[in-house]
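# Geometric and topological summary
The lines below spell out each chain.
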Amino acid sequence: MKTCRELTEHASDLVDADPTGPEWREIREHLGVCGPCVEYVRQMGLTVELLRSLPGPDADAAREKVMELYAAWLAGR
Amino acid sequence: MSPPSADVPTDADRVRAILAGDARAFGALVDENQASFTRVARSIVRSPAVVEEVVQEAWLAILQGLAAFEGRSSLRTWMLRILVNRARTRAVREARTVPFSALSGADDEPVDADRFDARGHWKAPPGAWSGTPESLLADRQLVGRIEAAIEDLPERQRLVVVLRDIDGWSSEEVRNALELSETNQRVLLHRARARIRAALEPHLSPTAEGP
């Protein structure tokens, strides 16, 4: 069975993929008996969710300039 | 996946429309990519004053190269390569000293080795985090910490996590745009996520020890 240290190497994969196939068996076994690793994987998932929900940069002012750039480029061709 | 509909333009359609002067078509392309380009440029150039210029230059280079776009890659990855090249050229010109942390990338471990005992079991396990993403993101200080953690990443880790997790690009798009193998991309993403988690740990878990 995998050690905790080995399991943390897979935490990112567990965020992206569903660990149902046979290749995940050792990992599932470990998570079945190890509370700290379950928490670590959960925290990786939460970290990714936070990243996904971050407020974005204000793109409106820049957009105007890019559209002006386009108009100038069309005119100059 | 749903079958392609007549309403969804292909890359070739969009290129044709933009070359023909269709401002709506170009505007749509800008809306889809401007935020992502800004973040990517910021990841490479580091100086906020230069970021906007670099992105504008990239859009101009994209327009100038558009007639020669052959569709061998997706439009998006083709555009991103132009942006990354511009940003890297500019970063070199700005002669910024590369910080030591930027030299590492795929070598560091996700969790400090000290947290495990000789058998590889947790010696200093992670303390529980409470809160939902919504409640956590309402805390502006935490948002600032997340952004700082991203800033501190080595460049390639930062690029991958920004594109994958913040901008939602697929692993294939990121691999193609940054010319990375699948393994390399996976490792960079993992390291980045682990470092960000570690940076947030002292603030989200009062009982936790250091990274």
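Relevant structure appears above.
Report on the accompanying structure. Sequence order as written defines residue numbering, which begins from 1 separately in each chain. Lettering of chains starts at A and numbering of ligands starts at 1, both following the order in which they are written. A pLDDT threshold of at least 70 governs which residues receive local features in this predicted model, and a stricter bar of 80 or more applies before side-chain atom pairs are shown or counted, although totals over entire chains, interfaces and linings include all residues. Only hydrogens and water are set aside when side-chain values are computed; all heavy atoms of the structure are taken into account.

A run of H or I in DSSP counts as a helix once it spans at least four residues, and a run of E counts as a strand once it spans at least two, with each numbered from the N terminus. A count of helical and extended segments in chain A gives five helices and zero strands. Its helices and strands in sequence order give chain A the pattern α-α-α-α-α, from N to C terminus. For 77 residues, the compact-globule estimate of 2.2 N^0.38 gives 11 Å, and chain A exceeds it by more than 25% at 22 Å. Counting only C-alpha atoms and orienting by the principal axes, one finds that chain A spans roughly 65 × 25 × 20 Å. When accessible area is computed with a 1.4 Å probe and restricted to protein chains, residues below 20% of their type maximum are described as buried, those above 50% as exposed, and intermediate ones as partly exposed. Across the 77 residues of chain A, 40% fall into the buried class. Throughout, a contact is declared for two residues whenever any of their heavy atoms are within 4.5 Å. Across chain A, every contact between residues at least 6 apart in sequence was considered, and the portion connecting residues at least 24 apart equals 59%. In this description, accessible areas are obtained by the Shrake-Rupley approach with a 1.4 Å probe, and a residue is regarded as covered only by the protein chains that are shown. Of the roughly 4100 Å² of accessible surface on chain A, 52% is carried by carbon and sulfur atoms. Here the positive residues are Lys and Arg and the negative ones are Asp and Glu; neither His nor the chain ends is included. For the purpose of locating charges, the reference atoms are NZ of Lys, CZ of Arg, CG of Asp and CD of Glu. Between the mean site of the 9 positive side-chain charges and the mean site of the 14 negative ones, chain A shows a separation of 3 Å. With the radius of gyration taken over C-alpha atoms, the globule rule is written as 2.2 Å times the number of residues to the power 0.38.

Helix and strand counts for chain B come out as nine helices and zero strands. Listing every helix and strand of chain B by position from the N terminus yields α-α-α-α-α-α-α-α-α. In chain B, the proportion of contacts linking residues at least 24 apart, taken out of those at least 6 apart, comes to 68%.

So, about the pattern of salt bridges. Residues and elements named next belong to chain B. Salt bridge, as applied in this entry: a Lys or Arg side-chain nitrogen positioned within 4 Å of an Asp or Glu carboxyl oxygen. Within this structure, the stated rule accounts for 22 salt bridges over all chains. Among the salt bridges present, the one from Glu57 reaches Arg90, with a minimum N-O distance of 3.3 Å. Here the residue Glu57 occupies a position in helix α3 (residues 48-65), and Arg90 occupies one in helix α4 (residues 75-93), the gap between them amounting to 33 residues. On the basis of relative accessible area, Glu57 is assigned to the partly exposed category, the value being 28%. Residue classification places Arg90 among the buried positions, given a relative accessible area of 9%. For Asp117, the salt bridge is made with Arg119, and the minimal N-O distance between the two is 3.7 Å. Residue class for Asp117 comes out partly exposed when judged on its relative accessible area of 24%. Counted as one network, the salt bridges with shared partners bring together Glu53, Glu57, Arg86 and Arg90.

Here Ser12 of chain A lies in helix α2 (residues 11-16). Once residues lying within four places of it in the same chain are set aside, the contact partners of Ser12 of chain A are Met44 of chain A together with Leu189, His190 and Arg193 of chain B.

Moving on to the environment of Arg86 of chain B. Residues and elements named next belong to chain B. Looking at the element boundaries, Arg86 is found in helix α4. Considering only alpha carbons, one finds Arg86 and Gly65, 21 residues apart in sequence, at a separation of 13 Å. Aside from chain neighbours lying at most four places away, what touches Arg86 is Val54, Glu57, Ala58 and Ala61.

Right, let's get into the environment of Ala58 of chain B. Residue and element names in this part refer to chain B. In this fold, Ala58 is placed in helix α3. Sequence separation of Ala58 and Ala113 is 55 residues, and the distance between their C-alpha atoms is 42 Å. Excluding anything up to four places from it in sequence, Ala58 contacts Ile82, Leu83 and Arg86.

On to the environment of Ala62 of chain A. Following the sequence through the fold, Ala62 of chain A ends up in helix α5 (residues 60-76). Excluding residues within four positions of it along the chain, Ala62 of chain A makes contact with Gln34 and Gln56 of chain B.

Further remarks concern unusual backbone geometry. One non-glycine residue, Glu179 of chain B, adopts positive backbone phi at about 55 degrees. As for its position among the elements, Glu179 of chain B is in the loop between α8 (171-178) and α9 (182-204).

Moving on, we get to the interface of chain B and chain A. Across the contact, 55 residues belong to chain B and 42 residues belong to chain A. Two parts placed together each lose some accessible area under a 1.4 Å probe, and the buried area is that loss summed for both. When chain B packs against chain A, the two sides together hide about 4300 Å² of surface, and 66% of this comes from carbon and sulfur. Among the residues of chain B in contact with chain A, Trp122, Trp129 and Arg193 of chain B are the three that bury the most area, contributing 15% of the side total. Connecting chain B to chain A are five salt bridges. Here Asp16 of chain A and Arg193 of chain B are joined by a salt bridge, their closest N and O atoms 3.0 Å apart. Between N or O atoms, a polar contact is any pair within 3.5 Å; within protein, one atom must be a potential hydrogen donor and the other a potential acceptor, and residues adjacent in sequence are included only when both atoms are from side chains. Along the contact surface separating chain B from chain A lie 16 residue pairs in polar contact (both at pLDDT 80 or more). At the level of secondary structure, the elements contributing two or more residues to the side of chain B that touches chain A comprise α1 (11-19), α2 (23-45), α3, α5 (133-137), α6 (140-151), α7 (155-166) and α9 of chain B.

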